[in-house]
Amino acid sequence: MCVYCCVKNEEKMKKLATIIIAVAVAMGFSASMNAARQTSAQLKGSVVDQQGEALGFATVALMAQDSTIVTGNATDMEGKFCLQAYTGNYILTVSMIGYKDESINVTLEAPVTELPVITLMDDTEMLEGAVVTERVNLVEMKMDKIVMNVSQSAFAQGNTGLELIKKAPGVTIDKDGNIKLNGKSVSVWIDGRPSHLDGKSLEALLRSTNGESIEKFELMPNPSSKYDAEGQGGIINIKTKKNGLAGFNGSMGIDGGGMYFKKQDRFLWQESFWANLNYRGKKTNTFLNVYEGIYNMDMDLGTVLEARTTAGNLYQTTDSYLANRYSNMNIKLGNDWFINDKNTFGFIVTVPGSISKMGAAKDAEFNGYSIQKIDDVDLNSTRSLTDNKGNDIQASANLNYTHVFDEARAAELTANVDYYRTQSGSSNRIDNEITPAGGSPVSSFRTVDNKSVVNIYSAKLDYQTVVWQNAMIEAGGKWALSMTNNNMFSNENGVETPSDFTYDEHVGAAYFSLAKPFAQKFTVKAGLRGEYTWSKGSWASDPKSYFNLFPTAYFGYNHSEKLMMSISYTRRIQRPSYYNLNPAETFADAHSSIIGNPDLDPQYNHSVYASIVFFRYFSVTLGYDHSKNMFSQNPSYKDNGDQILTWGNYGKSDMAIVAGNISGFPIAKWLTWTLNANFLYMHNVSAPGATPVNSPCFAGYTDFTFNLPKDWKIQIDGRYNTSMSWAYFKVHPMWTSNFGIKKTLLDGKLSLSLDVDDIFRTSCTNLSIYTEGTDAQTSELTQKYYNQKVKLGLTWNFGQAQYTKHRKVGSLDESSRLGGGSGSGIGGGAGK
């Protein structure tokens, strides 16, 4: 009986399933027929104010009767707009800051529906009231990136871009100035175009950037195929502030401060002046950015080496004091010419420069001391004087053109042509006075003078358009040529050795991506990028060439602001920077030097990330990365104990990450809390069969912001990293904390700031270095930074921000791998 009932029930279920499938097919066929009968049409109109003047950049939204947004756009410079949708009845809403919203019922008919002129009325209550600004969280979790809104930070005023980017979640800067996201090297972009250097050069670029000119940092661990595949850990895009108000406007500021350190009996001073000027007419937008700054930061450098040699057990200690001074200037000029609502032409010219000095303090006889022992018996002692100088002059130019084919479909083509040139020079000298045990001092010296010239030419095309009503297609291609000419001259105790280094590289690339939403809440994006690289160095008889494909995939679910989920995959490449390839030798102290490696191979990375954002303030991310041919400084030692760090490729690395974030959580109306906690587990293997190095790690950042009455803001933050192993290095724990106060006056036109960097003087980088395959050699490196400063800043804003349409201009990707000197300026920039 029971079996019979089960059989009957199963037959009923099959019949029911058949009926459901038939109904679904019929409904789908009916919907398809209805969709086929629908006709697409255009809706055109214009927006003016009460005086009849055209209102550019007003927001126009076309909504269905249930208030669901169908499409939207912004008016052009002449106040005109054009939307595309299926025929039917809609509600059109027009809005703009300072005006009352206007909504009208619209019946869209094919092929084109022309609307009468829409007039927006002044919002007198808003204009007569106090200045009201929306409070944006310091850190926001987006579907495909983490955004740090620098403009909302009390630290922005009086700090440089370098000091601010160190506060971004998951960002660290290693001892060579390389910026890393979650422990991996990244490509740094500025306003959607690659920056002009890496390593110490990028560090100099950010140091010459005023924090007030930065709007936000966008951290993208898995960028789409539209972006260059360069950057193992993804991309950090630095977006600067834009000003689209008609007439002459901008901002300027000055800041300065420092701290006295008793140990060195030195007051370390920092100062800067900057100005961002903008003039916008009906057809042109011209901007000028100027920056000048001086930055002093001293450092204690210490090493301890234990090695087993043929003469016995070697023990060596070295202590050095480096007085570092950086002088930077940047001038950036650009113009956009809005020919008409379909065509825009622009140019950007940048001329930056820098001078740096790292070595002994003024009038110091020596700045380094070392002792060597063999089997606990004194061998010798050394006093040294280090002097490292660098100078850098650059020039870059960008020509860009945008043509809009169909504004309703966002169909546009953007072309960029770039040229970049840098002439840099460095002079490294170390004088040693070596005293053998029981003997007399013996003097020696080593010098390395290095001059390099780099020329880069680049051309790029990008096209985008909307298809199938709501799908976006992006496609493009680029070509770039980089030419490096390096001349090195070394002298060791009178023995002179010249050396020339040339390197040419061609990179050709093409990409295609498609993004489409489904069922209003789901989004899928997939893309493929191909890059061909051809390179030839003077050290090799044959050129090197390789072609790689870089797929990207993204799936997102956006239920509401309270629940968003995403999964992404990307493959990326990290080509050697010219700094890594250059065989020039740089001295750190009497027994340590760094050398480039022209035989470096590119490294590759696969990344998979899954994220969930819930209740707006909270998010969790799970990620996995696999890397091979990682770049690392490989340690080696001479018989006398001298340490040489040579750039090389290091096997492979696997990393798992779990990240938790709290973004601007309102503990009270006047207090918000931000927390970023990253838990990482790394598995490193230098070569097949080698002993793996496993390393768990925690990196955390927290911030408390007090928004007080009378436009006062107080902010205190802190970060902490546990120890982490990476290739041949183990980074020891580090932590630091900062404090800032900001007061705005005159409805936001004037602001004053007080900042205290490194409150507890804990800024340092300590490393352990070990040689693969033996316990005979271990080394400890300590770097203590005298970074604490108290700074005062003053900023004056004239004019006020207004929405501007961002133009995707600039494509000098290869320059981000130069590493030869300071970079071009950041700040300002045009936006259409």
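The rules behind these values
Residues numbered from 1 in each chain as written. Predicted model: local features only at pLDDT ≥ 70, side-chain atom pairs only at ≥ 80, totals over all residues. Heavy atoms only, no water. Helix = DSSP H or I, 4+ residues; strand = E, 2+ residues; numbered from the N terminus. Buried < 20%, exposed > 50% of the residue type's maximum accessible area, 1.4 Å probe, protein only. Contact = heavy atoms within 4.5 Å. Areas by Shrake-Rupley, 256 points an atom, 1.4 Å probe, with all protein chains shown as cover. Pairing = 2+ DSSP bridges. Axes fitted to C-alpha atoms, helices over the stretch in contact; angles between N-to-C directions. Core = buried A, V, L, I, M, F, W, Y, C linked by side-chain atoms within 4.5 Å. pLDDT = per-residue confidence, 0-100. Phe/Tyr/Trp six-rings, centres within 6.5 Å; stacked < 30°, edge-to-face > 60°. Lys NZ or Arg CZ within 6 Å of the ring centre and 35° of its normal. Patch = residues over 30% accessible without salt bridge, like charges linked within 9 Å, V, L, I, M, F, W, Y side chains within 5 Å. Salt bridge = Lys/Arg side-chain N within 4 Å of Asp/Glu carboxyl O.

Caption draft 1: Broad picture of the overall build of the protein chain. Looking only at helices and strands, the protein chain features 5 helices and 46 strands. Here the protein chain holds 832 residues, and the buried ones make up 52% of them. Within the protein chain, counting contacts between residues at least 6 apart in sequence, those at least 24 apart form 66% of the total. A total of about 36,900 Å² of accessible surface is found on the protein chain, and carbon and sulfur atoms cover 61% of it.

Caption draft 2: Summary view of the side chain of Ser779. Locating Ser779 in the fold gives a position in strand S45 (residues 777-786). Sequence-distant contacts of Ser779, defined by excluding residues within four places in its chain, comprise Val304, Leu305, Tyr637, Gln643, Leu767, Ser768 and Ile769.

Caption draft 3: Representation of the sheet that holds strand S6 (residues 102-108) within the structure. Here 4 strands make up an open sheet; going across it, the order is S3-S2-S5-S6 and the pairing antiparallel. Since the sheet does not close on itself, it has two edges, and those belong to strand S3 (69-74) and S6, each with one partner. Direction aside, neighbouring strands of the sheet carry axes that sit 20° apart on average. Of the strand pairs in this sheet, strand S5 (residues 88-95) and S6 are connected by 7 bridges, and their pairing is antiparallel. Pairing of Leu92 across the sheet is with Ile104, part of S6.

Caption draft 4: Structural view of unusual backbone geometry. Each neighbour pair has its own omega, and for Ala110 with Pro111 the value is -5°, a cis peptide bond. Positive phi values are uncommon outside glycine, yet Asp376 reaches one of about 65°. Mapping Asp376 onto the fold places it in the loop between strand S23 (368-374) and strand S24 (377-406). The exposed category is assigned to Asp376, whose relative accessible area is 71%. Even without glycine at this site, Arg761 takes up a positive phi of about 55°. Here Arg761 is to be found in the loop between strand S43 (750-757) and strand S44 (764-770).

Caption draft 5: Representation of the nonpolar core in the model. Among the nonpolar cores identified, the biggest contains 31 residues, and Leu581 and Phe729 are the most heavily contacted of them. Breaking this core down by element, the ones donating at least two residues are strand S20 (284-309), strand S28 (495-518), helix H5 (578-581), strand S35 (618-637), strand S36 (643-668), strand S37 (671-685), strand S40 (724-726) and S44. Per-element tally for this core: the top contributor is S36, with 5 residues. Leu581 has contacts with Phe501, Tyr503, Pro576, Gly596, Asn597, Pro598 and Leu600, leaving out every residue within four places of it along the chain.

Caption draft 6: Layout of the pairing of S24. With 15 bridges joining them, strand S22 (residues 343-359) and S24 adopt antiparallel strand pairing. If you follow Val349 over to S24, its bridge partner there is Ala397. Pairing of S23 with S24 involves 7 bridges; the strand directions are antiparallel. Its bridge partner being in S24, Gly368 is matched across the sheet by Ser384. A loop of 2 residues connects S23 with S24, the two strands running antiparallel in sequence, and Asp375 in this loop sits at a positive phi of about 50°.

Caption draft 7: A look at the environment of Leu794. Tracing the backbone through its elements, the reader meets Leu794 in strand S46 (residues 789-798). Spatially, the C-alpha atoms of Leu794 and Leu752 are 4.9 Å apart, while their sequence positions differ by 42 residues.

Caption draft 8: Layout of the confidence of the model for the protein chain. The predicted model of the protein chain averages 78 in pLDDT, with 79% of residues at 70 or higher. Confidence, read as mean pLDDT per element, is least for helix H1 (residues 2-37) in the protein chain (42) and greatest for strand S8 (residues 118-119) (92). Counting contacts from residues 126-134, a segment whose pLDDT is below 50, to residues more than four positions away or on other chains yields 5 contacts. Note on residues 800-807: pLDDT under 50 across the span, and 29 contacts to partners over four residues away in sequence or across chains.

Caption draft 9: Focus on the packing of aromatic side chains. Throughout the structure, instances matching the rule amount to 17 aromatic pairs. Summarising the aromatic geometry, the rings of Phe522 and Tyr557 are spaced 4.8 Å apart at their centres and angled 45° between planes, so their arrangement reads as tilted. Residue Phe522 is found in strand S29 (residues 522-537), and its partner Tyr557 is found in strand S30 (residues 544-560); the two are separated by 35 residues along the sequence. Using a relative accessible area of 15% as the deciding quantity, one classes Tyr557 as buried. Arranged with centres 5.6 Å apart and planes meeting at 40°, the rings of Trp735 and Phe760 form a pair that is tilted. Placement of Trp735 in strand S42 (residues 734-745) and of Phe760 in the loop between S43 and S44 is noted, with a sequence separation of 25 residues between them. Residue classification places Trp735 among the partly exposed residues on the basis of a relative accessible area of 40%. One aromatic cluster in this structure is built from Phe614, Phe615, Tyr617, Phe618 and Phe665. The ring of Phe518 has Lys516 lying over it, and the distance from NZ or CZ to the ring centre is 5.4 Å.

Caption draft 10: Geometry of a nonpolar patch on the surface. A surface patch of nonpolar side chains, amounting to about 400 Å² of accessible area, comprises Val290, Met329, Ile331, Leu333, Val349 and Val351. Contributions of two or more residues to the nonpolar patch are made by strand S21 (312-338) and S22. Broken down by element, the nonpolar patch gets its largest block of residues, 3 residues, from S21. Mapped onto the elements, Met329 comes out in strand S21.

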